[in-house]
Each structure stands twice: as C-alpha cells, then as structure tokens.
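Examining the three-dimensional arrangement
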Amino acid sequence: MAGDGEQQRTHRAGIYKQKNKLHKHGKHRTKGEIERENKGRVSVMGLTKKQRREQKKIDRRHKASQLRRNKRDSVLTQKRSLGSRDGPPHLVVVVALHDGLNAEAVAHLLRGERAGGLVQEKAGVTGVPDSFGLVIPRFKQRFIFVNPGRVDLHSLLDLAKVADSLLFVLDYTVGWDSYGDYCLSCLFAQGLPSHVLVCQGVSALPVKKQVECKRALQRVAETRFPGAKLFPLDTEEEATLLLRHLGVQKQKRLGFRSHRSHLLAQHASYTPHPADSATGTGTLCVSGYVRGRPLQVNRLVHIVGHGDFQLSRVDAPPDPLPLLFSTQPKREKGDMEMQDVNGAAVRVLMEADPSHRESLQTEAEVDPMEGEQTWPTDTELLEAEEARKNKKVMKVPKGTSSYQAAWILDDGEENGETDPESEDDDDDDEDNDNTMMDEVEEEDDESPDSGSGCASDSGEEEEEEEEEEVSSTGRDQPGQRYDENMDEAEEGEELRRYREARANDMFPDEVDTPIDTPARIRFQRYRGLKSFRSSPWDPLENLPPDYSRIFQFQSFERSRRRVLAEAAQEEEGAMVGWYVTLHIADVPPSVMESFQAGKPLVLVSLLPNEQKMSVMHMLVRRHPANTEPIKAKQELVFQCGFRRFRASPIFSQHTSADKHKMERFLQAGTPTVVSVYAPITFPTAGVLLFKQSPEGTQDLVATGCLLGCNPQRVILKRIVLSGHPFKINRRSAVIRYMFFNREDILWFKPVELRTKWGRRGHIKEALGTHGHMKCVFENQLGSQDTVLMNLYKRVFPRWTYDPYVPLPSVREGGEKMEESKME
C-alpha cells in the first residue's frame, strides 16, 4: 500500500504544460550561458568552422610577425650597408640656403685632420671642384660630398634625386634668403631625402647672444623642418659629430628611386663612332656606384635631361674609395672575363644579349593601310579633273613659293567662305572661341593712338627726325634706358593673357556667337548634354591620329603592381654598392659636353614599358609665388620623377566622375589635373612645372604628384552661348543675341537652356529670320537674368614632347622672387 501511495504522489508534467516567457533583460547571452544550455553538445559543422577559423587567425598572426621581422631586417641591412665596405658610399649634397654663406668653409672643416677622415680627391665627381671622397676608418664609413653651387637649380634637383642626405647650411641670422626658400619648395615637391641642418658663425658671437640666436634660428627652421635638430659647424670637433650623425641617421625612403637602380657618374669618357658613320653618335663610358636596386644590362638607361639609351656592357674597374680592402665583386660561375682595354685588364661583369635587350621603340607602329580603303568613283574623278582645270590664278608677293601661296586667302575666304573643319581645329580652338575679343584687340592695335604700323609715311619721317635730334643732343629721354631692356612683343603677349584670364574669371567659358558665320558650322564639333554628370560619352569616339602612336594598358594599376613586385624580387645584375662602368651605345656628343661643363650626370634604369609614349596625368597645385596666367596648351618644362622634358599640357578638374571639365587657365588654390603626352612612368613620383621665359630663366609654376596613365580619360571643353530676354511673359520669353539666323535656332533646339538665376527651359520655336526665339522656362524670368546654353567638345593635349631641355643660362627663380618681395 505504501508503494502505491508514493506512486500516486509522483507527478509528471504533460505535453501541454504552460511555459512562461523569460524576462527580456536586454543583454545577450554569454558564451558560458550558451555552453551550459547546450551541455557540451555542438554540431559537427560548427566545430569544424571554429577550428578552421582559429587556425587561420593564428596563421595570420604568424604571417604578419614574419613580414614585420623581414621588413625590419631589410631596413637594418640597408642602413648598415650604406657607407660601409659592402654598400655604396654615403652621398651627401651640400646646399647653401643663403647667398652670404661660404660652402667652401664647410668642405674645409669636413676635410680636417681632426675629423679622422682620409680625403681622396679622385673619388669625387669629375668637373665639380668642391666634390671629394672621405674615408673614416674609425667609423667604418665612407662619404662622397658634392657642392653644386647656387648657379643652376636643375643641377641641385638632379643631385637630390640620388643623394642619400642633404646638408643644408643656414645663416645664423635669417636662416635662408628668397632663393633658398625657392630651392626648398622645389626639393619638397620633388621628394626630400634625409637631411641635416647646420649653421655657421654662432660661436663668433658673445656667449650671452649664442643661446638667443640658436633659439631664434630654431624657430625659423621649424617652419620648414618641424622637429629637426640644428648642428653648429664652426670647429673640427663639431665636424666630427656631424659626420657621425650623417652615418647613423635614419634614411628616408623615396618611392620613385627605391624601385629603380640609379647611378651618379663620377667619371666619364666618350668614344665617337668612326667618321664615316652618319649617326654622329658614340659610346659613353660612365663609372659610378650602383644604388637602389641591382642593375641589369638588358634594361634601358635614362640619362636625366638627355633621353633613353641602351647598354652594351658592364665592367668592374677598381674601387676608387676602398674602406679597408678592395670591394670588387666576387667572381661567380665564371661569368666575368678579363679583357685588355688600353693596356689594362678590365673585368667584364655582363654583356647585353641582343635577343633579350629592350628596344628603344617609343611609339606604336602605325599601318596606313590598316583602315578601310575605297576607290574614287567616276563622278569624283570628273569633279577632280574640273577643279584642276578651273584652277584660280592668284596674285602673290614676289618670291612666294607654291606652298606658301596655298595658304594665302582670297576675298571669298576672307568673307567667311572657309572650311568649317579648319576653323574649329583643336590647335586653334582657343583663338577661335574668342573671335570677337581678338577683333576688338586688333581694332585697338590699328588705332592711331596705339602707335602700331598704320602710321603714314610722313609720321615715320617725323619719328626719324626726332630720333636724330635726340641722338644729336646726346641726352636720353626719361625712361629711355629702361625701355631699351623691354621686349614689347612679350609685353603685349602678357597683356593679352591677362585680359583673357580676367575675362574668363568674370564670364567663365562664355563665347560670343559669330555674326558672319553660322553657329551650326562654327560649333559643329560641340554637342549638348542633358546632365554633365550622368549623360554618357564614349571614350573611344573620334580619337585623334596621335592616339594611334601611343600605348595603353588594359589595367594600369594591375600592371603597376606587377611590375613593381617583379622589380622588388630581382636579384640579378650588378649589385647595389658595386663600382661599375656602364658602356652606353649611340649617345650624342652633347651628353659628354654637358658633363665636361660641370653638370651632374644621373643615370636611372627604366622599368619595363617606361620608354613608351602614352597620356600621363598629374595632380598639381599652383605655386603661391607665381601669379602670371598659365594658359592651357602652353609649353612648360616638366620634372616628373627622374625625367625632365618639355610639353604642352591641358588642364582639367580633379573629380571622381567619368567626365572632367577642361580649365582654360591653371587655377590657383585648387588641385588641377595636368594631362600631357609623355613616356610612361609608374607612380609614385613628384612633379614640378616650370615656365621658361624668353630670357632663359625658368620659374616654378606648380608642384604635385603623378596620378597615372589613362588615355581614356574624357576631358570636355565647355563653351557657353549667352542670350538676353527681349520680351518676358508668364513662363515664356523672347530671347535674342544668342543666334542670328533661323537655321541655327532649329539646329540647337534640342539643347536645354539655363539661366544665371537657376531657371531651366528649352527652345519652343523661332521667331522671324534674325535670331529671335521663343523659349519656355519652369518659372518666370527676371528682367536682369541671362539665358545660357552649354555646349561640350572633347579635347586632347598637343604632341610637343621634347626630352632635351636646355638648362637656364642665369640663376633661375631667385631674381624674380627678390623683385616681388621688394615690391
């Protein structure tokens, strides 16, 4: 019975037992709660994924640790090898930032006996008097010091491209002058390597003023070099401390030279080709230390300012600056042979293989028969024969050739009966767009007050009599001596550019419709867009003939990553630190003449495809010291990475859209994209733009960086046709002065209109035959509003690339900056 009672008291919940909801406390379950609820039960797939995820996380940690360790070891190895027995000597360029400084005193202190260095003059750069080699056995370091002087800025920029450190010498009172500030602007834009600041003359001051002078100079230096340490350099003990700091300081990595092997020529010789050769070139032998990456003999070599060339052989001469013993590369696998050159045995490291050597082809081969070819019809042959028979006879000046006579316009052509295609050519589109403005300026020039060539013969005789009277008296009129040094043609050209820039700022892109030429013919290459942002534009449509000569990538960014990755893994060729002699084939004698004149010779090994032409884009910003208007398609001097060349670029806005608006002038205060035909260069690289004046000086215009290569970048030139309300109704208005005939109104009827006050509309119909038209807008117009029509045309840069840039004859930049500051 007891057992039955216990069995009756036992209760088991059924399947319909009520289960209340848990309180929602707003917190998520912890991992411990989940494990307690699951009681150790986990799914097989979840366990596998968890193990796989944890294993991948551990692998990622190990991989990141290995990459950090390898990168740290490579940086330490590169730092320790620089200046040591196994690496190239430490190349130091001395830059005096003030005209009153004596750079020779700096070289004298560094050559001192107490510094512990052994000076070797033959290890310097031939032709540069202040260059010398220095070996310090106590530090186990070796240096090469070069002082380019303050005469040529391009020589300083070329040396800074390959220098390991820059030694800036500051004046203890003001730091640097205007020319020194100009040099710093160029160096910072190009890419500044490791640098050291030194000052002279502080120890000559009284003790109480030394601390105050150092603090004032440190505040001046902070504006350009924040956090930099200032070293005094007045004694040989201070020179020893400076040398120690130069040997152990952290090296700054510059992208445009770390991926390419480069070399500064210390010695050079030139052997011209035989006299019967029609090329007029020869073989240039350049000796120097390999830097950056290993040098391969089959790669092309670019000589800064002179162009691209091929290597024929690489030799291994004795090292002129040994540290402890000879640092000649070891002979491996029997690839070096001894050859007798001028009675001396020279070891040949490698010779070029004609089957693997890169070619000097810069442009794509154009097949004129590749396009579609059609035969002329009988009607076209008859028309050509009649045109030949009915050839007009024109009166031309005496001595004019047939070719020159073809360019002389007759009366019909002067009245506007010319070919519309030639009127709207891209090379002259800027002049054609400002037709009315040019006509007004020509009328002003022809006025009697302007003093142009329209004066009568009697007026010329009177002027000659006045000149004779002045010369007879021997007295100069006020300002005559000043006018003798003025170029009137250049002055007039600058005045015209200033007027165009001011007109473009006041009325952006506005163009006057010609009265004597139909607008549908004058602007037949332009089209209207519903939306500049979203309307399509085919990038392969109506390309110019120059596009058949260039190269383009399917994906420039992917090619850049691949080429740079392959260059980083190359371990063949002349290793970094070897002293080698490069035999460069087919070099013009001007290269050797430049080296003998004291100009530095910088060589850089090009990466694959970097000798081929394409459309390069650069992002620049206007330099604040330059205020002159810079017009599009004006010839400028470019410094892009290692290259220096001349070209005529176009400017466009820097946006993320697929179409970019062209800028007629280089804008100040905003980034601008500069597009130009130039050899391919893989970023990163600094860009400097110079404007060359007729006197030979070059002024810094803009600085920036290289964007990349993209021939399909669509750059659209916009013109704005303006009209004025004649009669205004509720939503419609009669507009005049935009067109001057009925056919033009019907031609441009599909294009949308806008006003300066934000109204939008379209052309409804033409009224009469004199260019009046009825337009409908979304709202009523104001009496002072202006109706506008936007038209667009794709533009391309001019092919004016020239790798040979003449160096300035006088000191560039400093004189004009001094004058601007004095004013």
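Our structure's up above, just so we're on the same page.
A word on the overall build of the chain
- Scanning the chain for helices and strands turns up 23 helices and 32 strands.
- Of the contacts formed within the chain by residues at least 6 apart in sequence, a portion of 77% connects residues at least 24 apart.
- Accessible area for the chain stands at about 47,600 Å²; split by element, carbon and sulfur atoms hold 50% of it.

As for the nonpolar core
- The biggest cluster of nonpolar side chains holds 85 residues, and the ones touching the most others in it are L153, F168, L170, M618, L689 and F690.
- The element contributing the most residues to this core is helix α6 (residues 178–190), with seven residues.
- Core analysis: the second largest hydrophobic core is formed by 27 residues, V290, V301, F309 and L603 among them.

Brief notes about unusual backbone geometry
- Of note, the amide linkage connecting P683 to T684 takes the cis form, showing an omega dihedral of 10°.
- One can find T684 in the loop between β23 (672–679) and β24 (686–692).
- A positive phi angle, near 75°, is found at Y737, a position not held by glycine.
- Turning to its location among the elements, Y737 is positioned in the loop between β27 (732–736) and α22 (742–747).

So, the pattern of salt bridges
- Here the structure, examined in full by the defined rule, presents 28 salt bridges.
- Across the pair E610 and R260 runs a salt bridge, and its minimum N-O distance is 2.6 Å. Note that E610 is positioned in the loop between β17 (602–605) and β18 (613–622) and R260 in the loop between α9 (255–258) and β8 (262–264), a separation of 350 residues in sequence. R260 shares its class with E610; the two are buried.
- Members of the salt-bridge network, linked through shared partners, are D509, K661, R664 and R718.

Describing the packing of helix α5 (residues 153–162) against α6
- Put simply, α5 and α6 touch, their axes get as near as 11 Å, and they point 40° apart. By the criterion of interaxial angle, the relationship of α5 to α6 is oblique. The element α5 and its partner α6 pack so that their crossing is right-handed. Judged by residue contacts, L153, L156, L157, A160 and K161 of α5 engage Y179, Y182, C183, C186, L187 and Q190 from α6.
- Its residues assigned to classes, the contact of α5 with α6 comprises nine nonpolar, one polar and one charged.

Considering the packing of aromatic side chains
- Applying the stated criterion across every chain yields a total of 19 aromatic pairs.
- Seen in terms of ring centroids, F532 and Y792 are 5.3 Å apart; in terms of plane orientation they differ by 40°. Their pairing is tilted. In this pair, F532 is assigned in the loop between α19 (519–522) and α20 (556–569) and Y792 in strand β31 (residues 787–794), connecting sequence segments 260 residues apart.
- Take Y792: its relative accessible area is 7%, and that puts it in the buried class.
- Between F556 and F682 the ring centres are 5.7 Å apart and the planes differ by 15°, which places this aromatic pair in the stacked class. Of this pair, F556 sits in helix α20 while F682 sits in the loop between β23 and β24, placing them 126 residues apart in sequence. For the pair formed by F556 and F682, the shared burial category is buried.
- Grouping aromatic residues by their ring pairs yields a cluster made of F168, W176, F188 and F225.
- One Lys or Arg, R549, reaches over the ring of W799 and ends 3.8 Å from the middle of that ring.
- When the ring centre of F551 is taken as origin, the NZ or CZ atom of K612, which lies over that ring, is 4.9 Å away.

Overview of α5
- Counting buried residues in α5 gives ten out of ten residues, a clear majority hidden from the surface.
- Every buried residue of α5 is accounted for by L153, H154, S155, L156, L157, D158, L159, A160, K161 and V162.
- Where α5 starts, the residue carrying a side-chain oxygen 3.2 Å from the main-chain nitrogen of H154 turns out to be D152.

Cut-off values and rules
- Residues numbered from 1 in each chain as written.
- Predicted model: local features only at pLDDT ≥ 70, side-chain atom pairs only at ≥ 80, totals over all residues.
- Heavy atoms only, no water.
- Helix = DSSP H or I, 4+ residues; strand = E, 2+ residues; numbered from the N terminus.
- Contact = heavy atoms within 4.5 Å.
- Areas by Shrake-Rupley, 256 points an atom, 1.4 Å probe, with all protein chains shown as cover.
- Core = buried A, V, L, I, M, F, W, Y, C linked by side-chain atoms within 4.5 Å.
- Buried < 20%, exposed > 50% of the residue type's maximum accessible area, 1.4 Å probe, protein only.
- Salt bridge = Lys/Arg side-chain N within 4 Å of Asp/Glu carboxyl O.
- Axes fitted to C-alpha atoms, helices over the stretch in contact; angles between N-to-C directions.
- Parallel < 35°, antiparallel > 145°, perpendicular 65-115°, else oblique.
- Left-handed = near helix turned anticlockwise from the far one by under 90°.
- Nonpolar A, V, L, I, M, F, W, Y, C, P; charged D, E, K, R; others polar.
- Phe/Tyr/Trp six-rings, centres within 6.5 Å; stacked < 30°, edge-to-face > 60°.
- Lys NZ or Arg CZ within 6 Å of the ring centre and 35° of its normal.
- Polar contact = N/O pair within 3.5 Å; in protein donor to acceptor, adjacent residues only side chain to side chain.

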